[in-house]
Amino acid sequence: MKEELSYNNALAELEAIVAALRGNDCDIDTLAERTARATELLNICRAKLTFTEQQLAEILDKFEQQ
């Protein structure tokens, strides 16, 4: 079973990949693999942000109804 990454861990890994792509640490043999992983991490982060935004909206709606 694959462990779910936290937002902070996904973001840290994504930042490491971006740093490697910007530097000289990425060769052509790993470029596609790193780009695919970065896409996965972006999707994880986006999903977590969307979920949190929805939760906050629900909380605020309940607060405003009081």
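Please refer to the structure placed before this passage.
What comes next concerns the included structure.

## Observations regarding the overall build of the protein
In terms of helices and strands, the protein carries two helices and zero strands. In terms of C-alpha radius of gyration, the protein reaches 17 Å, well past the compact-globule figure of 11 Å for 66 residues. Considered along the principal axes of its C-alpha atoms, the protein spans approximately 55 × 30 × 15 Å. By residue count, 12% of the 66 residues in the protein fall in the buried class. Accessible surface, the protein as shown: approximately 5700 Å² in total, 55% of it carbon and sulfur. With 7 positive and 13 negative side-chain charges, the protein shows a separation of 1 Å between the mean positions of the two kinds.

## Quick look at a nonpolar patch on the surface
Together, Leu21, Ile28 and Leu31 make up a nonpolar patch on the protein surface, roughly 280 Å² of accessible area in all. By the element assignment, Leu21 lies in helix α1 (residues 7-22). Among the residues examined, Leu21 registers a relative accessible area of 36% and is labelled partly exposed.

Calculation rules
All residue numbers here refer to positions counted from 1 along the written sequence of the relevant chain. In keeping with the model being predicted, local features are shown solely for residues with a pLDDT of at least 70 and side-chain atom pairs are shown and tallied solely at 80 or more, while totals for entire chains, interfaces and linings include all residues. Values shown for side chains rest on all heavy atoms present in the structure; no hydrogens or waters enter the calculation. We count a stretch as a helix when DSSP gives it H or I for four or more residues in a row; a strand needs E for two or more, and each element gets its number in order from the N terminus. Here the globule rule is a power law, 2.2 Å times the number of residues to the power 0.38, and the radius of gyration is based on C-alpha atoms. For every residue, the accessible area (1.4 Å probe, protein chains only) is compared with the maximum for its type, and the residue is labelled buried under 20%, exposed over 50%, or partly exposed between those bounds. Computed by Shrake-Rupley with a 1.4 Å probe, the accessible areas treat only the displayed protein chains as cover when residues are assessed. When charges are counted, neither His nor the chain ends are considered; positive counts come from Lys and Arg and negative counts from Asp and Glu. Taken as the charge location is NZ of Lys, CZ of Arg, CG of Asp or CD of Glu. Residues enter a patch when their relative accessible area is above 30% and they make no salt bridge; the linking distance is 9 Å between like charges and 5 Å between nonpolar side chains (Val, Leu, Ile, Met, Phe, Trp, Tyr). One speaks of a salt bridge when a side-chain nitrogen belonging to Lys or Arg is within 4 Å of a carboxyl oxygen belonging to Asp or Glu.

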